[in-house]
Amino acid sequence: MTDNEARYLREVQYRFPDRLEARAVLHRRYGRGDWFAWLAREIAFVPGSVVADVGCGAGALWRDAPHDVPDDLTLRLVDSSPGMVAAADATVRADGRWRDVAVIVGDATALPFADGSIDTALAIHMLYHLADPAAGLAELARVTRPGGTVAVVLNRAGTMAELSGLVEQALGQTSSRPAPLSSEEGLALMQAHFGTVEVRRYDDTLRVADPVDLLGYLTSLPEADAPGAATKLAEAVEAAFRRSEVFTIAKISELLIARR
Ligand SMILES: C[S@@+](CC[C@H](N)C(=O)[O-])C[C@H]1O[C@@H](n2cnc3c(N)ncnc32)[C@H](O)[C@@H]1O
């Protein structure tokens, strides 16, 4: 990833939570709707432990964590976007549940934590933004104590292909961006780094019934920033809903869990 790409992520794509939220709406409204609750339960946080959520976004994991997740965790949330950090800060302080929490602007490749100071380090849908994901994993491992947990979430290759198909149909092969790091690739990197890695799979099918929500998702993508793209995407969405009342999307995310 170039400096320009990092700046684009920080200053455009993730400047505020609006684009991420436009995508989250599709999952919440039309899918299982239990993503963060599922994730929090699968990670099985240990009471009183120190958790780093790297690339925390707007802090949705901590908004949706079910009540059986211990509320005496020490939470350290990090994101490279000041706008996301402000949103996450408001989220985690909203209901007063998390008592020891700090939300920090920082980079996943140079975390502001001492070696071995974290019990559980998370990178939820974040590692694919790094130019060198293996270096990102090494940094997660550095801050995690021996015996602690590193948990990474990525999507399976080809997940939500129906959406990329619609973008391609509307805009052609515009994207010079490489495909995002898949969970299969992430698993291989983690195995090289940690040895044994557990895989927990989350399957979902989104049956989108409102074209406005589908368009909201598509116009949140980097491809939509090109001149004229938003109009073409709107036309593609209209055409898709003329063909069928529901636009169906298959999604597979994987939680990859390693012990340091
Ligand atoms: C797809 S969002 C996921 C947010 C959150 N984990 C979630 O699941 O809702 C990716 C997040 O990673 C952040 N990010 C991207 N590159 C980063 C980096 N190098 N260091 C820290 N955060 C980064 C973005 O600002 C964004 O908030």
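Below is a summary of the structure that appears in this document. All values derive from a computational prediction rather than experimental measurement.

Turning our attention to the overall build of the protein chain. A count of helical and extended segments in the protein chain gives ten helices and seven strands. For 260 residues, the compact-globule estimate of 2.2 N^0.38 gives 18 Å, and the protein chain sits close to it at 18 Å. The buried share of the protein chain, taken over its 260 residues, is 47%. Counting only contacts in the protein chain whose residues sit at least 6 apart along the sequence, the fraction spanning at least 24 positions is 82%. Averaging the coordinates of the 27 positive side-chain charges in the protein chain and doing the same for the 36 negative ones gives two points 1 Å apart.

Attention now moves to the site of the ligand. Among the 19 residues in the neighbourhood of the ligand, the closest are listed as Gly 55, Asp 79, Ser 80, Ala 108 and Ile 124. Backbone polar atom of Gly 55 to a nitrogen atom of the ligand: 2.7 Å apart, as the coordinates give it. In the model, an oxygen atom of the ligand is placed 2.6 Å from a nitrogen or oxygen of the Asp 79 side chain. Calculation on the ligand without its partners gives an accessible area of 600 Å², and the protein chains cover 94% of this total. Within the shell around the ligand, the residues separate by chemical class into ten nonpolar, seven polar and two charged.

Turning to helix α6 (residues 133-143), its buried residues number three or more, namely Pro 133, Gly 136, Leu 137, Glu 139, Leu 140, Ala 141 and Val 143. Looking at the buried side of α6, the elements it contacts are β1 (50-54), β4 (118-124), β5 (144-155) and α8 (183-194).

Moving on: α8. If you check α8, its first and last C-alpha atoms are 15 Å apart, about what twelve residues at 1.5 Å a residue would give, namely 16 Å. Those residues of α8 that sit buried are Ser 183, Gly 186, Met 190 and Phe 194. Summarising the axial view, the buried residues of α8 lie within an arc of 55 degrees, below the 170-degree limit, and thus occupy one face. Looking at the packing, one finds that the buried side of α8 touches α6, β5, β6 (197-208) and β7 (247-259).

Counted according to the given criterion, the structure contains six aromatic pairs. Summarising the aromatic geometry, the rings of Trp 62 and Trp 98 are spaced 5.4 Å apart at their centres and angled 85 degrees between planes, so their arrangement reads as edge-to-face. In this pair, Trp 62 is assigned in helix α4 (residues 60-64) and Trp 98 in the loop between α5 (82-94) and β3 (100-105), connecting sequence segments 36 residues apart. Neither residue differs from the other here; Trp 62 and Trp 98 are each classed as buried.

The mixed open sheet is built from seven strands, whose spatial order is β3-β2-β1-β4-β5-β7-β6. The open sheet has two edge strands with one neighbour each: β3 and β6. In this sheet, adjacent strand axes meet at a mean angle of 15 degrees when their direction is disregarded. Relative to β3, strand β2 (residues 74-79) runs parallel, the two sharing six bridges. What sits directly across from Leu 75, in β3, is Val 101. On top of the sheet, α6 reaches β1, β4 and β5; it is set at about 145 degrees to β5, its chief contact.

Tallying each qualifying case throughout the model produces 17 salt bridges. A salt bridge links Arg 142 to Glu 139, with the shortest nitrogen-to-oxygen separation between them at 2.9 Å. In this pair, Arg 142 and Glu 139 are both assigned in helix α6, three residues apart and thus about one turn of the helix distant. Here the salt bridges do not stand alone but share partners, grouping Glu 42, Glu 198, Arg 200 and Arg 259 into one network.

A word on the nonpolar core. Membership of the largest hydrophobic core comes to 28 residues, with the highest contact counts inside it found for Leu 39, Phe 45, Trp 62, Trp 98 and Leu 122. Contributing elements (two or more residues each) for this core: α3 (35-43), α4, β2, α5, β3, β4, β5 and β7. Setting aside chain neighbours within four positions, we find Phe 45 in contact with Ala 40, Val 51, Trp 62, Val 69, Pro 70, Leu 73, Thr 120 and Leu 122. One finds Ala 52, Ile 118, Ala 123 and Val 143 within the second-largest nonpolar core, a separate group that totals 25 residues.

How each quantity is defined
Residues numbered from 1 in each chain as written. Predicted model: local features only at pLDDT ≥ 70, side-chain atom pairs only at ≥ 80, totals over all residues. Heavy atoms only, no water. Helix = DSSP H or I, 4+ residues; strand = E, 2+ residues; numbered from the N terminus. Rg over C-alpha atoms; globule rule 2.2 N^0.38 Å. Buried < 20%, exposed > 50% of the residue type's maximum accessible area, 1.4 Å probe, protein only. Contact = heavy atoms within 4.5 Å. Lys, Arg positive; Asp, Glu negative; His and termini not counted. Charge placed at Lys NZ, Arg CZ, Asp CG, Glu CD. Near = heavy atom within 4 Å. Polar contact = N/O pair within 3.5 Å; in protein donor to acceptor, adjacent residues only side chain to side chain. Areas by Shrake-Rupley, 256 points an atom, 1.4 Å probe, with all protein chains shown as cover. Nonpolar A, V, L, I, M, F, W, Y, C, P; charged D, E, K, R; others polar. Expected span 1.5 Å × (residues − 1). Arc of directions from axis to C-beta. Phe/Tyr/Trp six-rings, centres within 6.5 Å; stacked < 30°, edge-to-face > 60°. Pairing = 2+ DSSP bridges. Axes fitted to C-alpha atoms, helices over the stretch in contact; angles between N-to-C directions. Salt bridge = Lys/Arg side-chain N within 4 Å of Asp/Glu carboxyl O. Core = buried A, V, L, I, M, F, W, Y, C linked by side-chain atoms within 4.5 Å.

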